[in-house]
Protein chains: 2
Amino acid sequence: MASKKWVYTFAEGRADMKDLLGGKGANLAEMTNIGLPVPPGITVTTEACIQFYSEDRQFPPGMEEQVRETMSTLEEKTGKQFGNPDNPLLVSVRSGAVISMPGMMDTVLNLGLNDDTVRGLAKESGDDRFAMDCYRRFLNMFGDVVLGIDHDKFERILSIHKDKAEVQYDNQLDAEQWQAVVVEYKKLIQRETGEPFPQDPMEQLFKALYAVFNSWNSDRAIVYRKVNKIPDDLGTAVNIQAMVFGNLGNDCGTGVAFTRDPSTGTRELYGEYLINAQGEDVVAGIRTPQPIATLKNEMPAVYEEFDRICGLLEKHYRNMQDIEFTIERGKLFMLQTRNGKRTAQAAMKIAVDMVNEGLINKEEAIMRVEPAHLDHLLHRRIDPDAKLDVIATGLPASPGAAGGMVVFSSDEAEKLAQEGRKVILVRTETTPDDIHGIVAAQGILTSRGGMTSHAAVVARGMGKPCVCGCEAIRIDYDKELFSVNGLVIKKGDILSIDGSTGQVIMGQVPMIDPELGTEFRKLLIWADEIRTLGVRTNADTPQDSIKAREFGAEGIGLTRTEHMFMAQERLPIVQEMILAGTDEERDDALAKLLPMQEEDFYGIFKAMEGLPVTIRLLDPPLHEFLPNAEELMVEITTLKLTGGDVVELQQKEELLRKVRSLSEFNPMLGHRGCRLGITFPAVYVMQARAIFQAVARLVQDGCKVIPEVEIPLVIEVKELTYLRSLVEQTATDVMKESGVAFEYTVGTMIEVPRAALLADEIAAGADFFSFGTNDLTQTTLGFSRDDAEGKFLQHYTEKKILSDNPFAVLDRKGVGKLMEMAVKLGRGVKPDLLIGICGEHGGEPSSIEFCHLVGLDYVSCSPFRVPIARLAAAQAKVKNS
Amino acid sequence: MASKKWVYTFAEGRADMKDLLGGKGANLAEMTNIGLPVPPGITVTTEACIQFYSEDRQFPPGMEEQVRETMSTLEEKTGKQFGNPDNPLLVSVRSGAVISMPGMMDTVLNLGLNDDTVRGLAKESGDDRFAMDCYRRFLNMFGDVVLGIDHDKFERILSIHKDKAEVQYDNQLDAEQWQAVVVEYKKLIQRETGEPFPQDPMEQLFKALYAVFNSWNSDRAIVYRKVNKIPDDLGTAVNIQAMVFGNLGNDCGTGVAFTRDPSTGTRELYGEYLINAQGEDVVAGIRTPQPIATLKNEMPAVYEEFDRICGLLEKHYRNMQDIEFTIERGKLFMLQTRNGKRTAQAAMKIAVDMVNEGLINKEEAIMRVEPAHLDHLLHRRIDPDAKLDVIATGLPASPGAAGGMVVFSSDEAEKLAQEGRKVILVRTETTPDDIHGIVAAQGILTSRGGMTSHAAVVARGMGKPCVCGCEAIRIDYDKELFSVNGLVIKKGDILSIDGSTGQVIMGQVPMIDPELGTEFRKLLIWADEIRTLGVRTNADTPQDSIKAREFGAEGIGLTRTEHMFMAQERLPIVQEMILAGTDEERDDALAKLLPMQEEDFYGIFKAMEGLPVTIRLLDPPLHEFLPNAEELMVEITTLKLTGGDVVELQQKEELLRKVRSLSEFNPMLGHRGCRLGITFPAVYVMQARAIFQAVARLVQDGCKVIPEVEIPLVIEVKELTYLRSLVEQTATDVMKESGVAFEYTVGTMIEVPRAALLADEIAAGADFFSFGTNDLTQTTLGFSRDDAEGKFLQHYTEKKILSDNPFAVLDRKGVGKLMEMAVKLGRGVKPDLLIGICGEHGGEPSSIEFCHLVGLDYVSCSPFRVPIARLAAAQAKVKNS
């Protein structure tokens, strides 16, 4: 029986075979087939890797034979032979996942070298030093990656030899000195593994293959996938490719480049290269490389061809490309192309430019921007008027500004972040082992490495501010400090960085709200043309309302009146109302609150003229407005023990009694929402009156107002019927008193499972529904958010019991199922029922997509997320039509 | 157009027309048509009453004409004329609801009397005194019931006249003296209403009709319907019936009787009568009447006929009858028959006897007992070995024993009961205005009235202990005390009563668990033959398990392991476990708990040999096992201020930190249930080990054990999968260690909406489901039970937003909908999935019916409710097949 095809030559592959060949392999095949200069190679499929894991890490049957066979086609194409000392074929072995995971998995270069073939390489290249350099690199990589020997052990040997030779840099060692290093490296391998370094190239190859498959499940790869939400079961492909050398002399080199600037999106080649170097040297950030433009002068012909190929690849892929290349003795070789990661800013510019260039259409442009990455663009940047104490400037590697406590290790960054601290992670350079620290930090500052160093790439991917290669700072990890121009910055000191300028600034710098750039605006206009889901905002003040309107909000989906009750000057009146002993006292307090609430609503309605405004009546339990019982207990005990004022003691004891009588075991499920309206109707009547008096004044002034009165926490239509009648009576009263007629609607939140289950009955009494998915998530899952996030939710996501924090990403299976039921039941009774969502999910792209899918009319989110929601709504439409 | 038929003569009606004619009217018609001596009459329908309310309390069109017409047929039958001074027709006007509401609505007797007809009555009866007595009674009733004049005002006039005549009893007044009373009564009416007493009989009739319709919505009728769950929209019929007189002399009388003893069920006539009295005298409990047996000697012929008719009615209705009769000059008239109210004890005996007598079948017998009324039979009675300080003995009016604080008003009884106090309501007699007090009290003690007095009837209906007519006690309402044989008992003193013996006892008497009587056992055996729903028990100890098994439990549906953690000697070890700083410390504490838990389970499994036992792993949040934070704060403050021991202070502060770190905002939705198992797997592993070690020991001893391990609070099948694997591993370990093989299943509670919504996925990982409807109600409604019941739930049931307390009676619309979904989804995946319920609803009859309807396999309830559940399950089957 013929075994499954586990191995493809580049000539057999295509770009659309990514799932099978991985991104790198598919694109190498594609480039090969469109005639670009790609060193020949083969790809072992992701299926082989998946099979490998399903069979307890055994190569699938037939795979090894297929590798051997296809390796011989490689020999034919190159005219070299694997293991032939006279004309040795050397190969690189690289992982290539379906979804790019830069730097996460293992690579081995120069494979095929041994004590014999190294001589062939020397002869062929005419360069003994080069051949030995290659050999020692191979031994180091193979030892580290395949045999699991600590990289530092190789470095230590190298250091000793450099010291002995009294040189500073690697490239100052000569062939003989490298030869000595090679001998030591081989001894190290023998010592560490108990076996000699394998001289057989085919054995090297399969060992490397095994190591790459294994690296799919390395700790760092698992963390990366978790952060980037990449499934664990995709597996990686492995590419085995004939080596070309960028380190054969000064007519050689290696580099990486983007077809457009990945930070700004500007349409110009953007990248770096190193003369006389092998690929890993650039990415690792060890030597600081040259900008790509320099190549134009140094090797004009190569540059010209590279520029032509870049243009061709952009047209071919219809996207900005991230390209790796090597120049061997003046000849250009393409080693990789893939869609380039970019900042949100660049993503928008590139998308808009490409539409203008006719490369893509508007729908495609919309899909090119990850809404979640826009977040930082929509938050704060450094106030341009601020006086900055700039202590250093590095490379502006990932835009945006951030401030926080300085920390020097990723573990510490994670620890402090979990305690709620904002931190800036400071490292000489970062490695894939720092992923968790970068995730935890507000921003990253490194002293070494360029714009394509690990720190820079990862930070841009996450949309985090990053300043790289800030060589002025000297880090002392032991003392946990860095010095810069005579200044000493210690762990815990506060620092700000500006990833857009590269500035490092003392202290926490004042920051300002962002505005939408030209491309952003254009993209959002396109999004608005495409999307069918409305976008409103959650806003409790006229200021927020104005900001949200600027950001394109089409109304207010939620005004929380309780925030107004919390204002410093009002709290005493609110407490008066709650502690009132008689109806008269309560009415007095409410009468004082009425004009204040009326002004609140007046301002918001005015800011939102012509757009709908949903105002939710009082929702939280009353004891939230009272002092804390524990503190009162301590005060009382103190007064008692110190013989304090008797009257004060009695007052405090009376207050404590009231606080106690209002305190609840589970306030979230307690006396709140419309339950307050039912037990204290006067409070809701006061709020309704404030709303309608504000409306009447505005209508009188010719202002168009669309008020929607919202009753929270309904579980039963009879609650709604009862409270609705209070609201309607109040509206009638205000119309009579003011002589002004106005329109309004009365609706409800769907935020308790019973409301969703009985949505048909409830719809009969409601003009609109608004899903309160924060509370609906709490009740549907039985998760108190305040308790879950601190205590057990992390265990749930880590153990993959839940794929996401359900308070961040809507739980489609549970909460979503109830929402679908409610929409169906509600619209079954009232086909035109207005339905929105006002939980925090209303600003989260995947949740927005779900809202689109179940047919909501709008999402409502915080003002700064309105643009994200507009874009996400358009993407939901494009994705699902 | 002919108007609707609003009025039926007795000859036109039938027993099955209850909905239209009310219970009394339908039965009067039935008795008329089977040839019993019923005074002729007509019935105004319930539809007329409903119409009356829908038309703003106007008589429906055509009704008045129909009444006039049918009244003339009455005149034909009796040969008397309405308003004819020579031969006056007098009638009674009585309400007659569809569902009996004894004493709740108004009655007017002797209607048709006026200044002229009273003379005709005198002539006809040959008794002036009698005629005037009738007239003054009519004026009093009409004035009170129809014209709304306070009854006391009539009483006061009567008192003055009795004083003037120097007599003690009403019947000592002569015709002339009554004449004087009549004059004063008419003056009173003129004074109070501004109009003279209406002399026109037809006017009297319509006014009375209006009053009876109105009384349907009197406060007391509304309360009664609420307590007895009678719909408000049924309306009442009105019966207008020719008067017969029990007060024409000593060959007259009136009485009420049951065809069997309503307290014990014994098959013998049981009732009371008064010679020379009108009907209301007996029921009102004002004069203490003669037992019915006496009639045998006093009027043998009448007794014989009555006995014959009683037998006939029982056969006809196939149920025990509650009969009202009047003897007019030696002739027996039947005024009412209806199915008699009875104690639970009597209901069972009658049902069983009637099956034996061949009157009814087993299914009917099952339906004759109200499961909720069995409650008190299944609780405690006075310990027969107790030394009792009996201070008085009254009539044993409603069986069962109770103890509590003495109170003298129904308002006070209600108030104290709401504060959680147990009270005994002590009154001279009760009236329909005392309903709320009877509802609130543990038991009722009256100094006047017989076995059919208001207090007795109502208490029996509610299954509450009642001692009536305890004439030895002298109540002083003003001083709030009663005296008895020189003793003085004040408000607030503790008293016990035994409604089965009539004893009144000082202090709180020791009580003992009940046992099932012969009839009860028989009925339950029949119930078991009929029902398809299983009945298990919730039990946490071997003692409870044994009790439940005696009561017929078919297994344990819920063992709560946390109660075992709370035991005094274990709590310190549990705290050790929680406060453990290291894994070793925690493991040490768990190792100490293991043998204790093993013994717990051993005992329970043994008690339940051969039956399934569901053991729920630890459920409540850990901080429930720790001291209270507020108390610690006070202790710490005190130590600080008083310069207490520094070490102690530090320990307390450390403890407080831990308590704080474990405390939660909403513990109900917090870190509990299987979330503990996921974050602290060692605890669940210890419990699983304790279970399986106990199982292994028993299996080794040849004992059949059926353990079901239950994982609480699951929301997602992955929780179950993870924890199940721990349980299975532990079982495998124990089997290996012990060398004993045993069977077990692993299932889950469905108690969070998400679990119900995803029951198909969860079923794939579960061997059984058990609905935890306490928590499911909390989450589905967003109601914290602890908060709702004290704070707002009462408003909800009072405003009829919810028809019942959803924690007592399962909310079919909301919670029930989720249950139905879960059953359908679960069985869709596993058709034989075992599904039960272990919330408190498992012992509540209406909820049990719902469980039957949705196809659960069993209900599980507290041991004392097991018999109720067995009966309710059988009723559910009979009702729905």
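Above: the structure in question.
Residue indices follow the written sequence of each chain, beginning from 1 at its first position. Lettering for chains starts from A, numbering for ligands starts from 1, and both go in the order in which the items are written. Where local features are concerned, this predicted model is filtered to residues with pLDDT of at least 70; where side-chain atom pairs are given and counted, the filter is 80 or more; whole-chain, interface and lining totals use all residues. To get the side-chain values, take all heavy atoms of the structure and skip hydrogens and water.

1. Quick notes on the overall build of chain A
Stage number 1. Every helix listed is a DSSP run of H or I at least four residues long, and every strand listed is a run of E at least two residues long, numbered separately from the N terminus. When its secondary structure is counted, chain A shows 35 helices and 31 strands.
Stage number 2. Considered along the principal axes of its C-alpha atoms, chain A spans approximately 105 × 65 × 55 Å.
Stage number 3. Relative accessibility decides the category of a residue: with a 1.4 Å probe and only protein chains considered, values under 20% of the type maximum give buried, values over 50% give exposed, and everything between is partly exposed. Relative to its 881 residues, chain A shows a buried fraction of 57%.
Stage number 4. Relative to all contacts within chain A whose residues are 6 or more apart in sequence, the contacts with residues 24 or more apart total 69%.
Stage number 5. For chain A, the accessible surface area stands at approximately 34,300 Å², while carbon and sulfur atoms represent 49% of it. Any two residues whose heavy atoms approach within 4.5 Å are treated as being in contact. A 1.4 Å probe and the Shrake-Rupley method give the accessible areas. Residues count as covered only by the protein chains that appear here.

2. Focus: the interface of chain A and chain B
Stage number 1. Each side of the interface is counted separately: chain A has 59 residues, and chain B has 59 residues.
Stage number 2. By definition here, a salt bridge exists when the distance from a side-chain nitrogen of Lys or Arg to a carboxyl oxygen of Asp or Glu is within 4 Å. At the junction of chain A and chain B, the tally comes to 4 salt bridges.
Stage number 3. What qualifies as a polar contact is a pair of N or O atoms within 3.5 Å, subject to a donor-acceptor requirement within protein and to the restriction that residues adjacent in sequence count only when both atoms come from side chains. One can count 26 residue pairs in polar contact (both at pLDDT 80 or more) joining chain A with chain B.
Stage number 4. Here the side of chain A that touches chain B takes 7 residues from helix α23 (residues 629–641) of chain A, the largest share from any one element.
Stage number 5. Taken together, the residues of the side of chain A that touches chain B sort by class into 26 nonpolar, 16 polar and 17 charged. Under the grouping applied here, Gly and all other residues not named as nonpolar or charged are polar, the nonpolar ones being Ala, Val, Leu, Ile, Met, Phe, Trp, Tyr, Cys and Pro and the charged ones Asp, Glu, Lys and Arg.

3. Here's the deal with the pattern of salt bridges
All names here are of chain A.
Stage number 1. This model, assessed by the stated rule, comprises 108 salt bridges over all chains.
Stage number 2. In this structure, Lys 640 engages Glu 653 in a salt bridge whose closest nitrogen and oxygen atoms are separated by 3.7 Å. You can see Lys 640 sitting in helix α23 and its partner Glu 653 sitting in helix α24 (residues 646–662), a full 13 residues away along the chain.
Stage number 3. Note on Lys 640: relative accessible area 51%, which makes it exposed.

4. Considerations on helix α35 (residues 866–879) of chain B
Residue and element names in this part refer to chain B.
Stage number 1. Multiplying one less than the number of residues by 1.5 Å gives the expected span of a helix. The end-to-end C-alpha separation of α35 is 20 Å, in line with the 20 Å expected for 14 residues at 1.5 Å each.
Stage number 2. With 11 of its 14 residues buried, α35 lies for the most part within the structure.
Stage number 3. Inspection of α35 places Val 866, Pro 867, Ile 868, Ala 869, Arg 870, Leu 871, Ala 872, Ala 873, Ala 874, Gln 875 and Ala 876 among the buried residues, and these make up the whole buried set.
Stage number 4. In this fold, the buried residues of α35 make contact with α14 (362–367), α18 (518–530), β24 (534–538), α19 (542–550), α34 (845–853) and β31 (858–861).

5. Here we look at the packing of α19 of chain B against helix α22 (residues 583–607) of chain B
Residues and elements named next belong to chain B.
Stage number 1. Contact geometry for α19 and α22: axes closest at 8 Å, N-to-C directions at 10°. Looking at the two axes, α19 sits roughly parallel to α22. The residues of α22 that touch α19, namely those facing Pro 542, Ser 545, Ile 546 and Arg 549, are Gly 603, Ile 604 and Ala 607.
Stage number 2. A class-by-class count of the residues in the contact of α19 with α22 yields 4 nonpolar, 2 polar and 1 charged. Axis definition: a line fitted to C-alpha atoms, limited for helices to the stretch in contact. Angles are taken between N-to-C directions and run from 0 to 180 degrees. These descriptions rest on fixed angle ranges, namely under 35 degrees for roughly parallel, over 145 for roughly antiparallel, 65 to 115 for roughly perpendicular, and the rest for oblique.

6. Some words on the sheet that holds strand β19 (residues 481–484) of chain A
Residues and elements named next belong to chain A.
Stage number 1. The antiparallel open sheet is built from 3 strands, whose spatial order is β18-β19-β20. Each edge of the open sheet is held by one strand with a lone partner, namely β18 (474–476) and β20 (487–490). Taken over all neighbouring pairs, the strand axes of this sheet differ in orientation by 25° on average, direction set aside.
Stage number 2. The sheet contact formed by β19 and β20 spans 4 bridges and is antiparallel. When the bridges of β20 are listed, Ser 483 appears paired with Val 488. Each pair of strands is called paired provided DSSP finds at least two bridges between the two strands.

7. Some details on the pairing of strand β10 (residues 331–339) of chain B
All names here are of chain B.
Stage number 1. Relative to β10, strand β9 (residues 321–328) is paired through 8 bridges, and the arrangement is antiparallel. The residue bridging Phe 325 from the neighbouring strand is Met 334, located in β10.
Stage number 2. What sits between β9 and β10 in their antiparallel hairpin is a turn of 2 residues, with Arg 329 showing a positive phi close to 45°.

8. Considering the relation of the copies chain A and chain B
Stage number 1. Here chain A sits on chain B after a turn of 179° about the axis and a move of 0.1 Å along it, with an RMSD of 0.2 Å. The transformation relating the two chain copies, once decomposed into turn and shift, fits a two-fold axis. No C-alpha of chain A lies nearer the rotation axis than that of Asn 666 of chain A, which sits 2.1 Å from it.
Stage number 2. Mapped onto chain B, 100% of the interface residues of chain A are again interface residues, and the two copies thus contact each other with one and the same surface. Superposing the copies works by least squares over the C-alpha atoms of residues that have pLDDT at least 70 in both of them.

9. Quick notes on the sheet that holds strand β30 (residues 834–837) of chain B
Residues and elements named next belong to chain B.
Stage number 1. Spatially, 8 strands are ordered β24-β25-β26-β27-β28-β29-β30-β31 in a closed barrel, and the strand pairing comes out parallel. Here the strands of the sheet are splayed against their neighbours by 30° on average, with no regard to which way each runs.
Stage number 2. In this sheet, β31 lies alongside β30 in parallel orientation, the contact comprising 2 bridges. Paired with Ile 837 across the strands is Val 859, a residue of β31.

10. Here's the deal with the environment of Pro 198 of chain B
Residue and element names in this part refer to chain B.
Stage number 1. Its place among the elements puts Pro 198 in the loop between α7 (175–193) and α8 (201–215).
Stage number 2. For Pro 198, a relative accessible area of 7% translates into the label buried.
Stage number 3. In sequence terms Pro 198 and Ala 629 are 431 residues apart; their C-alpha atoms lie 73 Å from each other.
Stage number 4. Apart from the residues within four sequence positions on either side, Pro 198 is in contact with Phe 142, Glu 203 and Gln 204.

11. Let's talk about the side chain of Ser 496 of chain A
All names here are of chain A.
Stage number 1. By secondary structure assignment, the location of Ser 496 is in strand β21 (residues 494–498).
Stage number 2. We classify Ser 496 as buried; its relative accessible area is 0%.
Stage number 3. For Ser 496, the side chain forms a polar contact with the main-chain oxygen of Gly 507, separated by 2.6 Å.

12. So, the packing of aromatic side chains
Stage number 1. Paired rings are identified among Phe, Tyr and Trp, the last through its six-membered ring, by centres lying within 6.5 Å, and are further divided according to the angle between planes into stacked (under 30 degrees), edge-to-face (over 60) and tilted (the rest). Scanning the entire structure with this criterion turns up 46 aromatic pairs over all chains.
Stage number 2. Residues Phe 59 of chain B and Phe 206 of chain B carry aromatic rings whose centres are separated by 6.2 Å and whose planes lie at 55° to one another, so their mutual orientation is tilted. Taken as a pair, Phe 59 of chain B in the loop between α2 (46–54) and α3 (63–78) and Phe 206 of chain B in helix α8 lie far apart in primary sequence, 147 residues in all. The two residues Phe 59 of chain B and Phe 206 of chain B agree in class, both being buried.
Stage number 3. Within the aromatic cluster, the residues linked to one another by ring pairs are Phe 52, Tyr 53, Phe 59, Phe 206, Tyr 210 and Phe 213 of chain A.
Stage number 4. Residue placement shows Arg 536 of chain A over the ring face of Tyr 858 of chain A; its charged tip is 4.0 Å from the ring centre. Think of it as a cone above the ring: NZ of Lys or CZ of Arg counts as a charge over the ring if it is within 6 Å of the ring centre and within 35 degrees of the ring normal.

13. Examining a negative patch on the surface
Stage number 1. Exposure above 30% relative accessible area and the lack of any salt bridge qualify a residue for a patch; like charges then connect within 9 Å, and the nonpolar side chains Val, Leu, Ile, Met, Phe, Trp and Tyr within 5 Å. Charged-residue counts in this description rest on Lys and Arg as positive and Asp and Glu as negative, His and the chain ends being excluded. To locate a charge, the coordinates of NZ of Lys, CZ of Arg, CG of Asp or CD of Glu are taken. There is a patch of like negative charges on the surface, built from Asp 583, Glu 584, Glu 585, Asp 587 and Asp 588 of chain A.
Stage number 2. Tracing the sequence through the fold places Asp 583 of chain A in helix α22 (residues 583–607).

14. Overview of α19 of chain B
Residue and element names in this part refer to chain B.
Stage number 1. Taken as a whole, α19 has its buried residues at Ser 545, Lys 547 and Ala 548. Viewed end-on, α19 has its buried residues packed into an arc of 165°, placing them on one side of the element.
Stage number 2. Where α19 is buried, its residues contact β24, β25 (556–560), α22 and α35.
Stage number 3. Looking one or two residues past α19, Gly 552 carries a phi angle of roughly 100°, positive in sign. Arc definition: it is the arc formed by the directions from the helix axis to the C-beta atoms.

15. Topic: the packing of helix α5 (residues 128–146) of chain A against helix α6 (residues 151–165) of chain A
Residues and elements named next belong to chain A.
Stage number 1. Contact geometry for α5 and α6: axes closest at 8 Å, N-to-C directions at 150°. Classified by the interaxial angle, the pair formed by α5 and α6 is roughly antiparallel. Where α5 approaches α6, its residues Arg 136, Leu 139, Asn 140, Gly 143 and Asp 144 are matched on the opposing element by His 151, Phe 154 and Leu 158.
Stage number 2. Looking at side-chain class alone, the contact of α5 with α6 contains 3 nonpolar, 3 polar and 2 charged residues.

16. Focus: a nonpolar patch on the surface
Residues and elements named next belong to chain A.
Stage number 1. On the surface, a cluster of nonpolar side chains totalling about 180 Å² of accessible area is made up of Val 223, Val 227 and Val 439.
Stage number 2. Of note, Val 223 is situated in helix α9 (residues 219–227).
Stage number 3. Look at Val 223 and you get partly exposed, because its relative accessible area is 34%.

17. A word on the state of the cysteines
Stage number 1. When two cysteine sulfur atoms are found within 2.5 Å, that pair is recorded as a disulfide. One pass over the full model with this rule turns up 0 disulfides over all chains.
Stage number 2. Its sulfur unpaired, Cys 470 of chain A is 9.8 Å from the next cysteine sulfur, which belongs to Cys 468 of chain A.
Stage number 3. Judged by its relative accessible area of 0%, Cys 470 of chain A is buried.
Stage number 4. Cysteine Cys 466 of chain B is unpaired, with the sulfur of Cys 468 of chain B as its nearest cysteine sulfur at 3.7 Å.
Stage number 5. Looking at Cys 466 of chain B, the relative accessible area reads 0%, which means it is buried.

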